[in-house]
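So you can see what is in the structure, the chains are spelled out below.
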Amino acid sequence: MRGGGDMQGLYKIVFATCNKKKFEEVKEILQEYNIELERRDVKGLEIQSDELAPIALFSAIQAYNQVKREVIVEDSGLFIKSLKGFPGTYSSFVYRTLGLKGILKLMEGLEERSAYFLSSLGFCDGKEVKLFLGKVEGWVSYSERGDRGFGFDPIFIPEKLDKTFGELSLEEKNKISHRSRSVRQLAEWLKKYRQLTK
Ligand code: IMP
């Protein structure tokens, strides 16, 4: 049997990530589609690029070469308009170095606070390599709010809400987040792909 299907129709795929919070978000969503997720730390080089898509595609192939099973990887970033898209693909480094306080400091006095999160999700099973993108628009708050989620969640207010991601439950974040949008596209595509490759 190709991939990780079993007799009950439950399907297993690997998510190569060391971020446990990210894993929980994706796992919750894929459960709705009867897809079970297994987490693996996959070590490898991450290429540098101003775009997320090539990073996710490269990482998906690299992860597949290590686990030799259907695998997904996900790269995301926060793009702030008044900072010309910074931190973007450097979000991880900036989070570790400047942190939330550093971003708020950079934006002190700025009224233009629009920003978006982009999720770039790569899939590889040794035959197909696919990319799914998800985006959520919003604003950078004036201060940190909420202690849920991870990363920039306490300073990002998604559009149509007056709460930060850090003030939302996992279920609430999963209804609107950039990641939920790319993951749901993957799940819908997988449904069709499996029918074709059965
Ligand atoms: P990566 O995709 O794990 O490389 O994430 C890049 C950085 O973006 C992480 O260090 C997080 O700080 C941040 N980030 C990614 N996704 C989210 C999210 O859903 N909420 C808040 N921060 C995020």
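Everything that follows concerns the structure shown earlier in this document.
Source: prediction; values computed, not measured.

Asks: Is there a simple way to think about the sheet that holds strand E1 (residues 11-16) in this case?
Replies: Sheet strands pair via backbone hydrogen bonds, and the direction of the pair is either parallel or antiparallel. Spatially, the 6 strands line up as an open sheet ordered E2-E1-E3-E4-E5-E6, and their pairing is mixed. Looking at which strands have only one partner, the edges of the open sheet turn out to be strand E2 (35-40) and strand E6 (156-158). Averaged over neighbouring strand pairs, the angle between their axes works out to 40° when direction is ignored. Note that strand E4 (residues 114-124) and strand E5 (residues 129-140) share 11 bridges and pair antiparallel. Following the sheet pairing, Ser120 is matched in E5 by Leu133. Set on the sheet, helix H1 (residues 20-31) makes contact with E1, E2 and strand E3 (71-80); between it and E2 the angle comes to about 165°.

Asks: I tried to follow the nonpolar core on my own but got confused; where do I start?
Replies: Among soluble globular proteins, nonpolar side chains are generally buried collectively. Core analysis: the largest hydrophobic core is formed by 19 residues, its most contacted members being Ile13, Leu30, Leu37, Ile72, Phe123, Leu186 and Leu190. Counting residues per element, the ones that place at least two in this core are E1, H1, E2, E4 and helix H6 (178-197). By residue number, the principal contributor to this core is H6, which donates 6 residues. Ignoring anything within four residues of it in the chain, the contact list for Ile72 reads Ile13, Val14, Phe15, Ala16, Val26, Leu30, Leu37, Leu121, Gly122, Phe123 and Leu186.

Asks: Mind showing me how you'd approach the environment of Phe150 here?
Replies: Its place among the elements puts Phe150 in the loop between E5 and E6. When near neighbours in sequence (up to four residues on either side) are disregarded, Phe150 contacts Asn19, Lys21, Lys22, Glu25, Lys173 and Arg179.

Asks: Help me understand the environment of Pro54, please; the structure alone is not making it clear to me.
Replies: Tracing the backbone through its elements, the reader meets Pro54 in helix H2 (residues 52-67). Separated by 77 residues in sequence, Pro54 and Leu131 place their C-alpha atoms 9.2 Å apart. Sequence-distant contacts of Pro54, that is, excluding residues within four places in its chain, are made with Ile47 and Ser49.

Asks: Any chance you could explain the pattern of salt bridges here in plain terms?
Replies: Note that side chains of opposite charge can pair when their charged atoms are close. Enumeration over the complete set of coordinates arrives at 15 salt bridges. The partner of Glu25 in a salt bridge is Lys173, and the shortest N-O contact between them spans 2.7 Å. Within this pair, whereas Glu25 is found in helix H1, its partner Lys173 is found in helix H5 (residues 170-176), the two being separated by 148 residues in sequence. Of the two residues, Glu25 and Lys173, both sit in the buried class. A salt bridge links Lys191 to Glu188; the nearest nitrogen and oxygen atoms lie 3.4 Å apart. With Lys191 and Glu188 both in helix H6 and 3 residues apart, the pair spans about one turn of that helix. Look at Glu188 and you get partly exposed, because its relative accessible area is 34%. Salt bridges sharing common partners tie together Lys22, Glu25, Glu74, Asp153, Lys173 and Arg179.

Definitions and limits used
Residues numbered from 1 in each chain as written. Predicted model: local features only at pLDDT ≥ 70, side-chain atom pairs only at ≥ 80, totals over all residues. Heavy atoms only, no water. Pairing = 2+ DSSP bridges. Helix = DSSP H or I, 4+ residues; strand = E, 2+ residues; numbered from the N terminus. Axes fitted to C-alpha atoms, helices over the stretch in contact; angles between N-to-C directions. Contact = heavy atoms within 4.5 Å. Core = buried A, V, L, I, M, F, W, Y, C linked by side-chain atoms within 4.5 Å. Buried < 20%, exposed > 50% of the residue type's maximum accessible area, 1.4 Å probe, protein only. Salt bridge = Lys/Arg side-chain N within 4 Å of Asp/Glu carboxyl O.

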